[in-house]
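What follows is the residue order along each chain.
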Amino acid sequence: MKFGHFDDANREYVIETPRTPYPWINYLGTQGFFSLISNTAGGYSFYKDARLRRITRYRYNNVPIDMGGRYFYINDNGTIWNPGWSPVKTELDSYECRHGMGYTIITGKKNDLKAQVTFFVPQDYDGEVQQVVLTNEGSAPKTFKFWSFAEWCLWDAQDDCTNFQRNFSTGRVEIKDSTIYHKTEYRDRRNHFAFYSVNDKIDGYDTDRDTFIGLYNGFHNPQKVLDGTCGNSLADGWSPIASHYKEITLAAGESKTLVFVLGYVEMPVEQKFEADGKTINKEKALAMIEKYNTPEKFAAGMKELRAYWDKLLGILNVNTPEDKVNRMVNIWNQYQCMVTFNLSRSASYFESGIGRGMGFRDSNQDILGFVHQIPDRARERLIDIASTQLPDGGCYHQYQPLTKKGNADIGGDFSDDPLWMILSVSAYIKETGDWSILDAKVPYDNDESKAKSMLDHLTVSFYHIVNNLGPHGLPLAMRADWNDCINLSCFSDTPGESFQTYTNPKFKAEGGYSKVAESVFVAALFTYVGPNFVGILNHLGKVDEAAKAQEQIDKMKKVMMESAWDGNWFMRAYDAYGKKMGSKECEEGQIFIEPQGFAIMSDIDKDATKKTLAAIDERLNTKHGLVLNNPAFSKYYIEYGEISTYPGGYKENAGIFTHNNAWIICAAAYAGEGDQAFKYYSEIAPAYTEETSDLHKTEPYVYGQMIGGKDAGSDIGQTGKNFGQGKNSWLTGTAAWNMVAISQYILGIQPDFDGLKVDPSIPANWDGFTATRLFRGAKYNITIKNPSHVCKGVKSMVVDGAAVEGCVVPYVEGKKEVNVEITLG
Ligand code: BGC
Ligand code: NOJ
């Protein structure tokens, strides 16, 4: 069942009912100010860091779901409603929500009154702008009452939801004209405040939550809205809010437009106050308000936003025989990549904004799907990430976006982390040809005095693996590798111990993790990523160093075949007892997805590739995607850790973990199996789940981290329950990796060090496709013809009329347009 439809021309998903199977959200903002907004206007805003600088409050895991948002209330002669249906939930005569690129438009209609609200965060602007257009579509005049509503968060989201003994006494506001200022803690240590304004005279306001809502009421029936009035309340401690109140009369056919700004301002310490030393200096806030105080200015801002996305999405555009592929590649997958680039795994409807900042491995991978959009921002991010690295190549696993400092609570020793940086820096160079990044001086451990070149960072990353090998010569697994839930040194038997941070005393003396447990995944990642490092060294003329690194890669490949090949697929690990994990010898968890794709793409062994692809298809594939492991674990294995704490079919225990599905899609395409690659792609690509949204639950326009696997429900005698059900939408490495999988491996348009490589691996029944790609200042017009209906194989390539050997279009400086025609065969 569908709950809306794609409007590709406008690049929108149009939701036709407020009762979606889960709140379907969008993100506003791409720079410093961000808002999450659901299809019923739930969600919240923050500045840079969803934990440390939360501006409005949200109630996670609430009953009913999705509580907290920017709400507009209408009391039309006793009929109370919201344009977005929630939280009052009065049945509307019509409802529509359009989630677009950086904006959301919600339109509700009741009793001939139409309310259309458009939300967006303008470029270079720290605020959410909201335009409300109220239209009387009836034939008689209408008088009604109108309220806005936002609830302030007291800045630190963690503290805000725990430290009530203090917080209930700190809330402070100021009101001037039609603007309500949130200045909690501004008197002392904070140099920032927020405000909520409207471009019209108001008839009153409320800033004290209990006055507006009533202690025993809810968002669905605020007392003042019921009463049709306002309290002009001044918050003093407790919970400060911002609500504007207006009485409005509209003649038949008449419209009224209001523009609201929910903004955030930072002030230099010496300019915080007016002369009296306590009134907020509002200069900056007023300038922000002024910028969007008319519908014309609002429209201009929206136009700018559209132009911004036209430009970004104009970089890669494809026209394939599949509408759903075009929709994913040209619009939604790229859009999601911007969101994951900005937010890593911090704030979504499944990530509280408190738990995690920017992940080292996560953000490096996010760059793979984003770098073509704004390479300069990718470069800045790479430097931020690398600055948290430790001198020996180890890494802080996360950092806070506001402080850009490594997060000591989580620490490091995740065995895969350093490798992802080699991959992301390589992707940046391949995209831009900007080799100078390697010379950039980048601190270690955020300490400028320890700064060395980015090349040095890549070198210590590479050798961090080489210097930490276990008994078989495979990389040590440490706390965990990419799979956070395979914790081979944890041996946790006490509730509450974090599988990611707890160190079992038996390994403390050894440095915090077993010196026996080894990861085949990290080995495969090493042999896949390593050649990029070698390529870089060769390009720099460091041939000896390149050869030395290559030797390590070759050695690892040998070890893989000697000690990690299980006969039909690659094993997963050796545990801390030195026992095989992910082998046919195991009782459960005999085959794991993670190492297979990277091993295949490392060209370790042709026969192994064939067997592995067959085993994946047989053991892991389902109609909803590839499960992570098989059989699922049905009991707790203390030596494996968190993976076996999940019931089978969910998350890392045999869930369909879409992130690593992409690696198999890449690998199948790489191996020439275009049909197999495309089958796996279309099993999980969101646009293909639209028809079954009732089962899939999460947004049909973005990837989620996980889809319930075939074993879901098996331990309660309901095998297949929730099979196909999506969870954890938006913030997942799946976005970047599937962007890579479809655009670089299936469609085969792949930036390389020396130019743009075009080597598709498509379904055999495609006649071909066309694409345009902006790359290093030139526009490539690409035509792929597939007259013999093969999956892969460039038979001929013609560049600007001349035949060129191979499939890399050589880069020619200064060229503005390049026509590439490829015939497969
Ligand atoms: C989840 C992982 C996640 C980790 C982060 C685990 O509970 O299953 O997907 O990466 O937490 O700490
Ligand atoms: C989600 C985490 O963000 C990511 O870092 C990890 O690789 C996967 N879960 C798998 O555990």
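Procedures and definitions
- Residues numbered from 1 in each chain as written.
- Chains lettered and ligands numbered in written order.
- Predicted model: local features only at pLDDT ≥ 70, side-chain atom pairs only at ≥ 80, totals over all residues.
- Heavy atoms only, no water.
- Buried < 20%, exposed > 50% of the residue type's maximum accessible area, 1.4 Å probe, protein only.
- Helix = DSSP H or I, 4+ residues; strand = E, 2+ residues; numbered from the N terminus.
- Pairing = 2+ DSSP bridges.
- Near = heavy atom within 4 Å.
- Polar contact = N/O pair within 3.5 Å; in protein donor to acceptor, adjacent residues only side chain to side chain.
- Areas by Shrake-Rupley, 256 points an atom, 1.4 Å probe, with all protein chains shown as cover.
- Nonpolar A, V, L, I, M, F, W, Y, C, P; charged D, E, K, R; others polar.
- 1 Å grid on protein atoms, 1.4 Å probe; cavity = no way out; pocket = protein on both sides within 12 Å on 5 of 7 lines; lining within 4 Å.
- Points joined across faces, edges and corners; volume = space filled by probe spheres on them.
- Arc of directions from axis to C-beta.
- Contact = heavy atoms within 4.5 Å.
- Sits in = over half its atoms within 2 Å of the grid points.

1. Some words on the pairing of strand β16 (residues 192-198)
Logical step 1: The buried fraction of β16 amounts to seven of the seven residues, a majority that puts the element mostly inside the structure.
Logical step 2: Two elements, strand β15 (residues 179-182) and β16, share four bridges in a ladder whose sense is antiparallel. Opposite Y181, over in β16, you have F195 as the bridge partner.

2. So, the site of ligand 2
Logical step 1: If you check the shell around ligand 2, you find R345, R356, R361, D362, W482, N483, D484, E652, F657 and Q705 and nothing else.
Logical step 2: The separation between an oxygen atom of ligand 2 and a polar side-chain atom of R356 is 2.9 Å.
Logical step 3: Between ligand 2 and W482, the relevant distance is 2.5 Å, taken from an oxygen atom to a main-chain nitrogen or oxygen of the residue.
Logical step 4: Coverage of ligand 2 by the protein chains reaches 95% of its 300 Å² of free accessible surface.
Logical step 5: Here the residues of the shell around ligand 2 sort into two nonpolar, two polar and six charged.

3. Focus: empty space enclosed by the protein
Space left empty within the atom packing is revealed by a probe, the size of a water molecule, rolled over the atoms.
Logical step 1: Following the criterion strictly, the structure yields seven cavities of 30 Å³ or more and no others.
Logical step 2: Taken as a whole, the largest cavity holds about 60 Å³ of empty space.
Logical step 3: Lining the largest cavity are T40, A41, R70, Y71, F72, N82, P83, G84, S86, I106, V117 and F119.
Logical step 4: Residues that form the lining of the largest cavity fall into these classes: seven nonpolar, four polar and one charged.

4. Considerations on helix α5 (residues 283-291)
Logical step 1: Considered for burial, the residues of α5 that qualify are A285, M288 and I289. Projected down its long axis, α5 carries its buried residues within an arc of 100°, all on one side.
Logical step 2: Looking at the packing, one finds that the buried side of α5 touches β12 (127-136), β15, β16 and β19 (255-266).

5. Some points on the side chain of S243
Logical step 1: Along the chain, the position of S243 falls in strand β18 (residues 240-250).
Logical step 2: Note on S243: relative accessible area 1%, which makes it buried.
Logical step 3: Each residue touching S243, except ones within four places of it in the same chain, is listed here: W147, S148, F149, I180, G204, Y205, D206 and F212.

6. Thoughts on the site of ligand 1
Logical step 1: Residues in close proximity to ligand 1 include R356, D484, C485, Q500, E642, Y646, K651, E652 and Q705, which together make up its full environment.
Logical step 2: At 2.4 Å, a side-chain N or O of D484 approaches an oxygen atom of ligand 1.
Logical step 3: Side-chain polar atom of E652 to an oxygen atom of ligand 1: 2.6 Å apart, as the coordinates give it.
Logical step 4: Here ligand 1 has 310 Å² of accessible area as a free molecule, and 78% of this is covered by the chains.
Logical step 5: A molecule is said to occupy a pocket when more than half its atoms come within 2 Å of that pocket's grid points, and by this definition ligand 1 occupies the second largest pocket.
Logical step 6: For the shell around ligand 1, the class distribution of residues is two nonpolar, two polar and five charged.

7. Describing the layout of surface pockets
Logical step 1: Taken as a whole, the largest pocket spans an internal volume of roughly 820 Å³.
Logical step 2: For the largest pocket, the lining is made up of 36 residues, of which K430, Y528, Q744, Y745 and Q750 are closest to its centre.
Logical step 3: Of all the secondary structure elements, the ones that give two or more residues to the lining of the largest pocket are α8 (360-370), α10 (417-432), α13 (520-539), α17 (658-670), α20 (734-746) and β35 (749-752).
Logical step 4: Per-element accounting of the lining of the largest pocket gives the leading share, six residues, to α20.
Logical step 5: Grouping the amino acids of the lining of the largest pocket by side-chain chemistry returns 17 nonpolar, 10 polar and nine charged.
Logical step 6: Of the voids in this model, the second largest pocket is the one considered here, and its volume is about 680 Å³.
Logical step 7: E351, R356, D484, K651 and Q705 are, among the 32 residues lining the second largest pocket, the residues nearest its centre.
Logical step 8: In the lining of the second largest pocket, the residues fall into eight nonpolar, 14 polar and 10 charged.

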